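# Remarks on the overall topology
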Amino acid sequence: MPVQKKKVLLAPLDPVHDIGLKMIKRGLDQAGHETLLLPPDYSQEEIIKAIIDNKADVVLVSRTLGYGVAEILGKFIDLAEAAGIRDRVKIGIGGMAIRPELAAELGFDAGFGPGTTVQEALAFVEGREYVPEEVKGKKVKKDITQGYNYEFKNKSIEKLLDTIVDGILNYVSDKTTTAIQRAELRKKILEVQNESEKQSLRMEYSKLCDETVRAFYESGKYREKTRPLSYAELKSLENYVLEVNSRMNPLKLQHIEENPVVFIQYGTGCPFMDIAHIKSCEAWGADGVVHFDPSWGARTEGFFDGYITHEEDGSVITYENLKGIKDSLSSFTLWQVRAHRGLNTPETVLLAGKIGADLTKINIAYGSLGGGTDPERLTVDAVSAIKYAAEYNMPFDVVTNEELCGVPAYKAFAGMLIVSKLGLRLGAKPILQPLFCYSPEVMVSGQMEDNYVDFNAAKIMCLRNIVNAPIWCGAPIGFLTQTEDRVQSSLMTALHASLASSLGVDGISIASADEAFSGGPISVPARIDTLRATQSAFRFFGKSDIVPTKFAEKWAEEIESGIEKVLESIAKNGNFVDALYKGLLGSREEGAYPGRAGRGTVIKV
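Going by what an unreviewed UniProt entry lists, the chain is known as Cobalamin B12-binding domain-containing protein and is assigned to Biomaibacter acetigenes. Here is the UniProt Cofactor (unreviewed entry) comment for the chain, exactly as written: "adenosylcob(III)alamin".

### So, the overall build of the chain
Scanning the chain from terminus to terminus reveals 22 helices and 17 strands. If one aligns the C-alpha atoms of the chain with their principal axes, the spans along those axes are about 95 × 65 × 45 Å. Going through the 605 residues of the chain one by one, you find that 56% of them count as buried. In the form shown here, the chain has an accessible surface area of approximately 25700 Å², with 52% of it arising from carbon and sulfur atoms. Side-chain charges of the chain comprise 69 positive and 81 negative groups, with the mean position of each set lying 3 Å from the other.

### A short note on helix α10 (residues 231-247)
Residues that lie three or four places apart on an α-helix share one face, since the helix turns once every 3.6 residues. End to end, α10 covers 25 Å across 17 residues, agreeing with the expected 24 Å (1.5 Å per residue, within 8%). Turning to α10, its buried residues number three or more, namely L237, V241 and V244. Buried residues along α10 cover an arc of 75 degrees about the axis, so they all sit on one side. Of the exposed residues in α10, those oriented more than 90 degrees away from the buried face are Y231, A232, L242, S246 and R247. Packing partners of the buried residues in α10 comprise α11 (271-283) and α12 (319-328).

### Quick notes on the sheet that holds strand β2 (residues 34-37)
Reading across from one edge, β2-β1-β3-β4-β5 is the order of the five strands in this open sheet, with parallel pairing throughout. Two strands lie at the open edges of the sheet, namely β2 and β5 (110-112), each paired on one side alone. Mean inter-strand twist for the sheet, computed between neighbouring axes without regard to direction, equals 20 degrees. As judged from the five bridges shared by strand β3 (residues 58-62) and strand β4 (residues 90-94), these two strands associate in the parallel manner. Bridged to V58 within β4 is K90.

### Here we look at the side chain of T300
Considering the arrangement of structural elements, one finds T300 in the loop between β9 (288-291) and β10 (308-310). Residue contacts for T300: discarding those within four places in its chain leaves D210, V213, L343 and N344.

### Side note on unusual backbone geometry
In the Ramachandran plot, Y150 falls in the positive-phi region, its phi being about 60 degrees despite a non-glycine side chain. Secondary-structure assignment places Y150 in the loop between α5 (118-125) and α6 (155-172). Phi is positive for L480, close to 75 degrees, though the residue is something other than glycine. For L480, the location among the structural elements is in the loop between β15 (472-473) and α19 (486-502).

### Considerations on the sheet that holds β9
Judged by pairing direction, the sheet is parallel, and its eight strands sit side by side in the order β14-β13-β12-β11-β9-β8-β16-β15 without closing on themselves. Edge positions in the open sheet fall to β14 (430-433) and β15, since each of these has one partner strand only. Bridge analysis of strand β8 (residues 261-266) against strand β16 (residues 507-510) gives four bridges, and the strand direction is parallel. The residue of β16 that forms the bridge with V262 is I508.

### What about the packing of helix α13 (residues 345-355) against helix α15 (residues 375-391)?
Where α13 meets α15, the axes come as close as 8 Å, and the angle between the chain directions of the two elements is 10 degrees. Here α13 is positioned roughly parallel relative to α15, judged by the angle of their axes. Judged by residue contacts, T345, P346, V349 and L350 of α13 engage L378, D381, S384, A385, Y388 and A389 from α15. A class-by-class count of the residues in the contact of α13 with α15 yields seven nonpolar, two polar and one charged.

### What about a nonpolar patch on the surface?
Together, M443, V444 and L480 make up an exposed nonpolar region whose accessible area comes to about 300 Å². Looking at the secondary structure, you find V444 in helix α17 (residues 440-445).

### Looking at the pairing of β4
In terms of burial, β4 is a largely internal element, four of the five residues being buried. Relative to β5, β4 runs parallel, the two sharing three bridges. Paired with G92 across the bridge in β5 is A110.

### Let's talk about the environment of F292
Assignment of secondary structure puts F292 in the loop between β9 and β10. For the pair F292 and W335, spaced 43 residues apart in sequence, the C-alpha separation works out to 11 Å. When sequence neighbours within four positions are dropped, the list of residues in contact with F292 reads Q265, Y266, G267, G314, S315 and R338.

### With respect to the nonpolar core
One finds W335, I508 and I563 to be the most contacted residues of the largest nonpolar core, which totals 116 residues. Here this core gets nine residues from one element, more than from any other, and that element is helix α16 (residues 409-425). Among all residues touching W335, those that are not within four sequence positions of it are Y266, V289, H291, L322, I325, K326, L329, I355, G356, A357, D358 and L359.

### Details of the domain arrangement of the chain
One frequently used descriptor of interface size is the decrease in accessible area upon assembly of the parts. Looking at the chain, the domain boundaries give domain 1 (7-126) and domain 2 (176-393 + 446-544). Each of domain 1 and domain 2 has a C-alpha centre, and these two points are 49 Å apart.

### Thoughts on the pairing of β3
When you tally the buried positions in β3, you get five out of five residues, the bulk of the element. Residues V58, L60 and S62 of β3 are buried on one face, and the alternating residues V59 and V61, pointing to the opposite face, are buried as well. Relative to β3, strand β1 (residues 7-12) runs parallel, the two sharing five bridges. Pairing of L10 across the sheet is with L60, part of β3.

### Some points on empty space enclosed by the protein
For the coordinates displayed, the defined rule picks out three cavities of 30 Å³ or more. When its volume is computed, the largest cavity comes out at roughly 140 Å³. If you trace the largest cavity, you find 19 residues lining it, with D293, G297, A298, F303 and N344 closest to the centre. Tallied by class, residues from the lining of the largest cavity come to nine nonpolar, seven polar and three charged. Space inside the second largest cavity adds up to approximately 60 Å³.

The rules behind these values
- Residues numbered from 1 in each chain as written.
- Predicted model: local features only at pLDDT ≥ 70, side-chain atom pairs only at ≥ 80, totals over all residues.
- Heavy atoms only, no water.
- UniProt positions renumbered as here; feature names shortened; annotations may be inferred.
- Helix = DSSP H or I, 4+ residues; strand = E, 2+ residues; numbered from the N terminus.
- Buried < 20%, exposed > 50% of the residue type's maximum accessible area, 1.4 Å probe, protein only.
- Areas by Shrake-Rupley, 256 points an atom, 1.4 Å probe, with all protein chains shown as cover.
- Lys, Arg positive; Asp, Glu negative; His and termini not counted.
- Charge placed at Lys NZ, Arg CZ, Asp CG, Glu CD.
- Expected span 1.5 Å × (residues − 1).
- Arc of directions from axis to C-beta.
- Contact = heavy atoms within 4.5 Å.
- Pairing = 2+ DSSP bridges.
- Axes fitted to C-alpha atoms, helices over the stretch in contact; angles between N-to-C directions.
- Parallel < 35°, antiparallel > 145°, perpendicular 65-115°, else oblique.
- Nonpolar A, V, L, I, M, F, W, Y, C, P; charged D, E, K, R; others polar.
- Patch = residues over 30% accessible without salt bridge, like charges linked within 9 Å, V, L, I, M, F, W, Y side chains within 5 Å.
- Salt bridge = Lys/Arg side-chain N within 4 Å of Asp/Glu carboxyl O.
- Core = buried A, V, L, I, M, F, W, Y, C linked by side-chain atoms within 4.5 Å.
- Domains from an automatic or database assignment.
- 1 Å grid on protein atoms, 1.4 Å probe; cavity = no way out; pocket = protein on both sides within 12 Å on 5 of 7 lines; lining within 4 Å.
- Points joined across faces, edges and corners; volume = space filled by probe spheres on them.

So, in structure tokens, the structure goes:
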């Protein structure tokens, strides 16, 4: 049905501000309506006369200043009624101080507050319902590995990596662990249909677990501060997800195609709360979520079964917990399950792959030097885990969080590149994840005394010089620059996000504004702070760049040179695992200590 053209009068009830009305006028003109924009200095009586003289069908009034707004607008409606035009003229009011409730109370036909679009005003003029643009149907998962061929530009480094990877594969070829055996059993448990056979496999599985997990399978005993979710809780969760999904119209954070995808991390301890955080972040624009497991889970041999909640940070990994979270996700949300440390690395990746995760996280160097797991154990486990990542087509990021211990970037990057090359050899797709923050290394050596730009830029430039691979900055960006001030924390996150985008990275992980100083569980409003700040920063910079100083290039060259020297020393040492113990990828003086969890548990076959 054709839209009836209207005569629209636009009147600023304000001494100077009329930009909003000018934008709306343009939209109305383009839609074919007849418009008249009055100057800002008209009195209310003059506006009423102009409505009458021009026989306007619709009047759009704007008022930016909040002082006396109710009295001024109330008087305008009184004048319109006294002039006898109120019944035949639709009158809408907009401005920074306007809310729909106030407009209705004062007698206007509609009120438009901050964030109103031209399309919304156009719908009012045309007398039709405004339907916001749907993002849900348009937002799709992005493959951040797409377009990368993993070709090494630095052939010397590639040759050294190949030598080291040959050594790793030879080292693990005659070794296994109970973690690998448990993963194989878990795979059978998930695949067999017969319940008695499943139960028999569970008992076999329990014999490969430590005392805490074995007690669960043998007597149903849970770890302290851990309990199963009730049927009522699970039913309530199911209803919650259905209700939220039915009305969610998510925001889009990216202003241009080149802006990176944005991940948040969750791990409240409770799957129900995790899902509530995830749904909130999806609505406010997050593109991906990262499953954060509990610290004690990394020290436990074996996984529990069932829907389990507990009272500590990090959410318990079980098939059911992960499946429930996966089922709650929107179709556009990238989902990563971390497996970069601990004694259950192969099984974590297996579960993630079986349930349909998009990504996982594996790094031998960080897990064994900053994550507490024995280097030999994690090396053997990680090879098995990477094979699962390849089997289930899950790209995995190689995080360099050992820098937070004080390990220099060039050593952390050497470890990241070794694991990445190992992944490529085993058919997987690694993603480089440099720490993008104010690291202990630069606190001591001073590269960030002037700015936070140059050294972070140097890391990305260095990696781009070495290999054509995807980069996902983490984890989270801006770490150690945030304070207990949520505004400051959000701003630092947004600035780091903009820098990462300017450097052309593919993904970033952001923290909530209260993550470092919450003193307990983080809050949803604090998550929204940083998502909104990041969205605004992307809008602010658009396609413009942040230009580092000359020091970035100099430091990039130094990092690349340092990486090559570290790799030379490891290749010369002849044994990657031994190199980890010796500190070639991070020494005790630098804060890196070979982990003890799982020491002496590798089995010769």
